[in-house]
Structures are given as C-alpha cells and as structure tokens.
Amino acid sequence: MGLRRKFFIFGVQSILTLAIGLSTAWSQSTATPPKPATSQDALINGYRPAWWKEAVVYQIYPRSFKDFDGDGIGDLKGITSKLDYIKGLGVDVIWLSPHFDSPNADNGYDIRDYRKVMTEFGNMSDFDEMLAGIKQRHMRLIIDLVVNHTSDEHKWFVESRSSKDNPYRDYYIWKDGKPNPRSPTGFDPPNNYPSFFFGSAWQFDPATKQYYLHYFAAKQPDLNWDNPKVRKEVFDLMTFWLDKGVDGFRMDVIPLISKRAGLPDLTPAELKNAGDVYANGPHMHEYLQEMNRNVMAKYDVMTVGEALGISLEQTPLIVGESRNELNMIFNFDAVRINRDGKQWISWTLPDFKAIYARHAVELDQHSWDTVFLSNHDNPRLVSSFGDDSPTYRVPSAKLLATMILTLRGTPFLYQGDELGMTNYPFKSISDFDDIEAKNGYKADVLTKKVTEEAYLDNLRHMSRDNARTPMQWDSTSQAGFTSGNKPWLAVNPNYTEINAAKELTDASSIYHYTQKMIALRHATPALVYGSYKDIDPTNSNIFIYSRTLGNDRYLIVLNFSKESRAYTLPGGLKPTALVTSNLATSEVGAATINLRGWEARVYKY
Ligand code: ISL
C-alpha cells in the first residue's frame, strides 16, 4: 500500500470515529487539554474516561537525551531544544527520569535534594523553562518520585547516621548486627536480606556501630515509612512539584516502602525472589491511600507505580478505582519474560501472549493497565523482542510499535525506540557504567563464580546500559548528542545509519510509522477502551488479537518471525478494510493472508 493510501485510511478512520462521537482523545491540534473525567461522564465500554487513559507517554532518560552545554551529559536545556521533535511524534505526556540533585551512584535514583535540580542537568529556571515549553505544546510532564530510598548524602541521612539520638535517626532503618568475633566489624548483618545490586542489603556504619538497610546500593539507604514525619516530608515534596505544575509521578519501586514487621530472615524459597517479599509490606496500601488523600486527591494527576514484586492478581488492590491509591502500575511479566533473575533466557510467543490474556482477565474496567516493553532498566526494544539484524530491524521495530500502540493500557515508549535504536556492542566490563553491571562483575566474575565471557555475554543481552547510550540525533560526531568529544557513555557505532535526522526525512521510517500509530490510537476509542481478545493463543509465530468497541472492531495481526507465512484467519474472520500495515500490502478479504517476515497489519472487521 502506498503512503498516500495509508494517509487516506487514517483520515477516514478519524472522521468515522469522531463522527460516532465516542472520542474523548486529546487531539494533537486541540488547544486546551481535556477536562478531567467526572462521575457524570458517560462510561465507555464500562470504563470511566480519563486523559491519562487516552495518553501516550514518552520516557526521557535526561542523562542520555540531549547535551546542550557540551559537557558530555544530557541536560534540561537539551530536552527543551528537542520538544518539537517529541511533540512531532504525537505523544501527550513526558515521563522524565530523575532530574534531582544527586551524587549519581545510580544515575539520579539516589537523591540528595528533592527540591534542587542536578547541577549537570541545569537549574530550576531551566526546569521551569522546560515545563513551560511542554505546556505550550499541550503536552504534560510526570516526574520520577524516588522515595523508597534517598542518597546517603541527603541531609536527612547525614543527620541520621551522626548519632543514635539524632532527631533524624528514625528517618531510616537502623538495626544492631549479630555479634560475630570473627567478622572485621565484630558483627554480622541483622538478617539475610540481599540487595538488588548484589551483596547484603545491610551496611555497617562505624559511627554508631549499627547497620542501615539498603535494598539497592549502599549509597541508597531505605527510608523508614513507618515514621509519620517521613511520610509528611514525602507528601510535602510531592506538593512542591505539583504546585510548580507537573502533572503527576512515576513512582520508583513504590511497593517496597512498607517493611515486614521485625525483619525476619528470608526462607531459602523466599531468597530466590526477595523482591516479592520486599514488596507488599503490611502498610503499603495504607500509606498509598494516605498519600492519595494528602496529595493526589487535590490535583488532576497521573500516577504510575513501578510495581516490582506485585503480582497481577494483587494489582487491582493498588489500581482499582475504588481503592484511591494509584492510577496504574508497571507489571514486569512481559518485559522480563526473557530473563530468569539476572540471567537472559529464551521465551516463546504463546507464553508472551498468555500474559496479555491474563491481564485482560485480572484487570477489569475498574483497574487500568499499562503497556511497555522497554525503559531505562531494560535492553533495547528491537534487540530484545524484535530482530535487530539489518534486514528485519525496521519491520520488526514497526511491528512492536503496532503492538504497543494497539494493546490495552496506557502505552509507554522509551526514547530512541521510535528510531529503532539497538543494543550496544559491549566488549569489556570497562565499557559499562551501570552500578548493577559493575557490582555483579565483582560478585560473580572476580570470585570466579561465572566466567568473564559468560558474564559479558549475558550483559550484552540484558544490561541496562543498552538503553542508556546517547540518543542518536544525526550522523555528525557523537551522533549530535554532545558538542563535546566525550559523552558519559559511548554512542552506539551504528549512529551513522540509525539517527533521528535521517528518519525525519524518510516518510517510511520507524519514527513516522510510530507517529502514524499514535495518531491512529488517538483517533480510535476502540484501541483505548475496546475489549481485548487473543484470537489464536497457541500459535507460536502469529500474535492475532481483536480490540472491539460496539461495532467498531479491529483485528491486529503480527508475524513475530522472519519467515513468510500463509495464515488462515481463524473462525472465518473476514476483515473489511486494511487500516495500516508496516509492509506494502493491499490484501483484504481473503480467508488466508500472506504475511512476510515481521509483518504487522491492522484490519477492521
Ligand atoms: O533494573 C533492574 C535489574 O536489572 C531492576 O531490578 C530494577 O532495579 C528495579 O526494577 C527497580 O528499578 C528502579 O529503582 C532502582 C533504579 O536503579 C532503577 O533505575 C529504577 O527504575 C533503584 O532506585
């Protein structure tokens, strides 16, 4: 199908859906954001409409997005300079990974001052300018709320560790160690909790001879949410940013805030998945409801929790409308289907599809969902779930965009995936920046538990640094990311081939395809509020599902393989029109369709 025809179909599509009066979508050209949904608003397919249900979100990892001042580190002025690019894609909301003052033990997920901008990223007036630019373009901004832990350089922790009777002592979790005369400190940690970043989750502090708890790095001490003063501090800092005009929060590891009473040892079974125990503590729901009452209820905001350790079955207890906790959460079942703990494993399409089928059963009209397959903690979308070889990178990246933008739930896109950026060809441990990769090297390779080659091979597939290499803006030096000659993390050498400048001038690029899919979603209430059905759950190569809203019925057909396949549509399904496809085709109406490798089609039926 020629491009002109595709545009025509999109045009007809929007007119039809608008004409039947179902759309509450915030169109790109509308000058005023839609009003928040009220109880008077008519339900759509049983769903209460809301702007954050209709939005498409774009995640920015500021360190790697665009460097304005040439120091090799992305910054807020850099983001402001690229707002037209982001708006051009058609997204509604930007999620900004942490931009706060931080010593960067974990790239900003270790916050030293919640009310100050990280010096490398600029200052508060740069933030205000960026926010104004976002609003001028009728987009919204959600920021990262990292409040399970702070930096050990946060003034609360500096006070807390200074003496046992300091007023901030109870802002964190301190415990006596177990006496052990053979240990250099004279103690062993209070229990067997492991850290997500290797080793014990306890750090001995010589000043007071007690241990503090850190689920992540030793420089990320966990806050004590059982202390009402801590909760008040968090609610105040959230209010500070909302009063500035931000539109909500992505909440980092929010299910970990409430700790198990008494902190007993984990059993051997629990140790295999410590995150499941750390999540869902006894007061988690109570604290989230308190946060909602004190903060969110007073604003029209979007909240999305990073729900590490929360099972699908437990999800409605956090996102259920009547619960007054969060709007939605990230569930990791799909994005982590290719790993077992920290080990990369193979996966099958039926298992992958079963996850979405389960979501449709467990999350009803009162529990909103998210869709994402990449972010700053995961490898590149096309390298993990598509095929990043020269032949199939473009079609498979487009297929994945088709899927993410037609599934049920608010879609989250990660910077660079709209260009089909790929994993980085890491050669040695010195190529990595990530604390997780480096700690793992010390824990596993230097102790000879794992060979260097096996460790690096695994990291090449799953390291978080794959997603953190600088955005590839053009084919000039350092991909146009920085005018300096040393970005904080190396640019992927494929930037001369894969870059934004090239894709912007190519009507058949992944960028433009993503833009069209976003426009289609915005114009099509069935893709937002429609019911979901997996049509052929056991097929190992084809993912085919429907999204239906009354008589508005869509069939999405995705060939998740590089082989061409003649596919007979199940149950006598008869598409009536081809809405879009990622490869030129005009096949409509046949009982058997001929899909090429990584072909994606959206039909009406
Ligand atoms: O990325 C992971 C493993 O490779 C996860 O275990 C990750 O640490 C987990 O999803 C929590 O992530 C969030 O909190 C961390 C931070 O390092 C991540 O970047 C953040 O997304 C600690 O704040």
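Residues numbered from 1 in each chain as written. Predicted model: local features only at pLDDT ≥ 70, side-chain atom pairs only at ≥ 80, totals over all residues. Heavy atoms only, no water.

**Section: the sheet that holds strand S6 (residues 174–175)**
Now for step 1: If you trace the 3 strands from one edge of the open sheet to the other, you get S6-S10-S9, paired in antiparallel fashion. With partners counted over all chains shown, the strands left at the sheet margins are S6 and strand S9 (202–205), one partner each.
Now for step 2: Pairing of S9 with strand S10 (residues 210–213), which is carried by 4 bridges, proceeds in the antiparallel orientation. Along S10, the bridge assignment pairs Asp205 with Gln210. (Pairing = 2+ DSSP bridges. Helix = DSSP H or I, 4+ residues; strand = E, 2+ residues; numbered from the N terminus.)

**A word on the packing of helix H5 (residues 124–136) against helix H7 (residues 228–244)**
Now for step 1: Relative to each other, H5 and H7 sit at 55 degrees, their axes nearing to 11 Å. Between H5 and H7, the angle is such that the two are oblique. Judged by residue contacts, Met124, Phe127, Asp128 and Leu131 of H5 engage Phe240, Trp241 and Lys244 from H7.
Now for step 2: Of the residues contributing to the contact of H5 with H7, the split by class is 5 nonpolar, no polar and 2 charged. (Axes fitted to C-alpha atoms, helices over the stretch in contact; angles between N-to-C directions. Parallel < 35°, antiparallel > 145°, perpendicular 65-115°, else oblique. Contact = heavy atoms within 4.5 Å. Nonpolar A, V, L, I, M, F, W, Y, C, P; charged D, E, K, R; others polar.)

**Describing the sheet that holds strand S20 (residues 552–559)**
Now for step 1: The strand order across the open sheet formed by 5 strands is S18-S19-S20-S24-S22, and the pairing between neighbours is antiparallel. Where the open sheet ends on each side, the last strands, each with one partner, are strand S18 (531–534) and strand S22 (577–581). Each strand of the sheet is rotated relative to its neighbour by a mean of 20 degrees, with strand direction disregarded.
Now for step 2: The pairing of strand S19 (residues 542–549) with S20 spans 8 bridges and is antiparallel. Within the sheet, the bridge partner assigned to Thr548 lies in S20 and is Arg553.
Now for step 3: Sheet strands in contact with helix H14 (residues 393–404) are S19, S20 and strand S24 (600–604), and its direction is about 150 degrees off that of S20.
Now for step 4: Contacting S22 and S24, helix H18 (residues 510–523) runs over the sheet at an angle of about 135 degrees to S22.

**Section: the pattern of salt bridges**
Oppositely charged side chains can pair when the atoms bearing their charge come close.
Now for step 1: Under the defined criterion, the tally for this structure stands at 36 salt bridges.
Now for step 2: Between Lys53 and Glu321 there is a salt bridge, with the nearest N and O atoms lying 3.9 Å from each other. Taken together, the residues Lys53 in helix H2 (residues 51–54) and Glu321 in the loop between helix H11 (316–319) and strand S13 (328–330) connect sequence positions 268 residues apart.
Now for step 3: Its salt-bridge partner being Arg231, residue Glu290 comes within 2.9 Å of it at the nearest N-O pair. Here Glu290, found in helix H10 (residues 284–294), pairs with Arg231, found in helix H7; they are 59 residues apart in sequence, far enough to count as distant. (Salt bridge = Lys/Arg side-chain N within 4 Å of Asp/Glu carboxyl O.)

**Observations regarding helix H12 (residues 349–362)**
Now for step 1: With 14 residues, H12 should cover 20 Å at 1.5 Å per step; its first-to-last C-alpha distance of 20 Å lies within 8% of that length.
Now for step 2: If you check which residues of H12 are buried, you get Leu349, Phe352, Lys353, Ile355, Tyr356 and His359. Summarising the axial view, the buried residues of H12 lie within an arc of 140 degrees, below the 170-degree limit, and thus occupy one face.
Now for step 3: Next to the buried residues of H12 lie helix H13 (381–385), H14, S18 and S19. (Expected span 1.5 Å × (residues − 1). Buried < 20%, exposed > 50% of the residue type's maximum accessible area, 1.4 Å probe, protein only. Arc of directions from axis to C-beta.)

**Re the nonpolar core**
Now for step 1: Phe127 and Phe352 are the most contacted members of the largest nonpolar core, which totals 155 residues.
Now for step 2: Take this core: its biggest share by element is 7 residues, from H7.
Now for step 3: Residues in contact with Phe127, not counting those within four places in the same chain, are Leu76, Leu96, His99, Val117, Leu141, Ile143, Trp241, Lys244 and Val246.
Now for step 4: Counting residues in each nonpolar core, the second largest holds 13 residues, with Leu569, Leu573, Leu578 and Ile593 among its members. (Core = buried A, V, L, I, M, F, W, Y, C linked by side-chain atoms within 4.5 Å.)

**Some thoughts on H10**
Now for step 1: Those residues of H10 that sit buried are Met284, His285, Tyr287, Leu288, Glu290, Met291 and Asn292.
Now for step 2: Close packing links the buried residues of H10 with strand S5 (140–145), H7, strand S11 (248–251) and H11.

**So, the site of the ligand**
Now for step 1: Around the ligand lies a shell of 18 residues, among which Asp106, Asp252, Glu306, Asp377 and Glu436 are the nearest.
Now for step 2: Separating an oxygen atom of the ligand from a side-chain N or O atom of Asp377 is a distance of 2.5 Å.
Now for step 3: Here Arg464 contributes a side-chain N or O atom positioned 3.1 Å from an oxygen atom of the ligand.
Now for step 4: Protein chains shield 97% of the accessible area of the ligand, which is 490 Å² for the free molecule. (Near = heavy atom within 4 Å. Polar contact = N/O pair within 3.5 Å; in protein donor to acceptor, adjacent residues only side chain to side chain. Areas by Shrake-Rupley, 256 points an atom, 1.4 Å probe, with all protein chains shown as cover.)

**Some thoughts on empty space enclosed by the protein**
Empty pockets left among the atoms are what a rolling probe the size of a water molecule brings to light.
Now for step 1: By the definition in use, this model includes 6 cavities of 30 Å³ or more.
Now for step 2: Size it by volume and the largest cavity reaches roughly 80 Å³.
Now for step 3: Looking at the lining of the largest cavity, the elements with two or more residues in it are H14 and H18.
Now for step 4: Sorting elements by how many residues they give to the lining of the largest cavity places H14 first, with 3 residues.
Now for step 5: Considered class by class, the residues forming the lining of the largest cavity number 6 nonpolar, 1 polar and 2 charged. (1 Å grid on protein atoms, 1.4 Å probe; cavity = no way out; pocket = protein on both sides within 12 Å on 5 of 7 lines; lining within 4 Å. Points joined across faces, edges and corners; volume = space filled by probe spheres on them.)

**With respect to the domain arrangement of the chain**
Quoted interface sizes are often the accessible area lost when the parts come together.
Now for step 1: For the chain, the domain assignment lists domain 1 (12–147 + 235–430 + 497–520), domain 2 (155–213), domain 3 (431–462) and domain 4 (531–604).
Now for step 2: Relative placement of domain 2 and domain 4: their C-alpha centres are 57 Å apart. (Domains from an automatic or database assignment.)

**Focus: unusual backbone geometry**
Now for step 1: Positive phi, normally seen in glycine, also occurs at Asn104, with a value near 60 degrees.
Now for step 2: Assessed through its relative accessible area of 16%, Asn104 is described here as buried.
Now for step 3: For Asn324, which is not glycine, the phi torsion reads 55 degrees and is therefore positive.
Now for step 4: The exposure class assigned to Asn324 is partly exposed, which follows from its relative accessible area of 47%.

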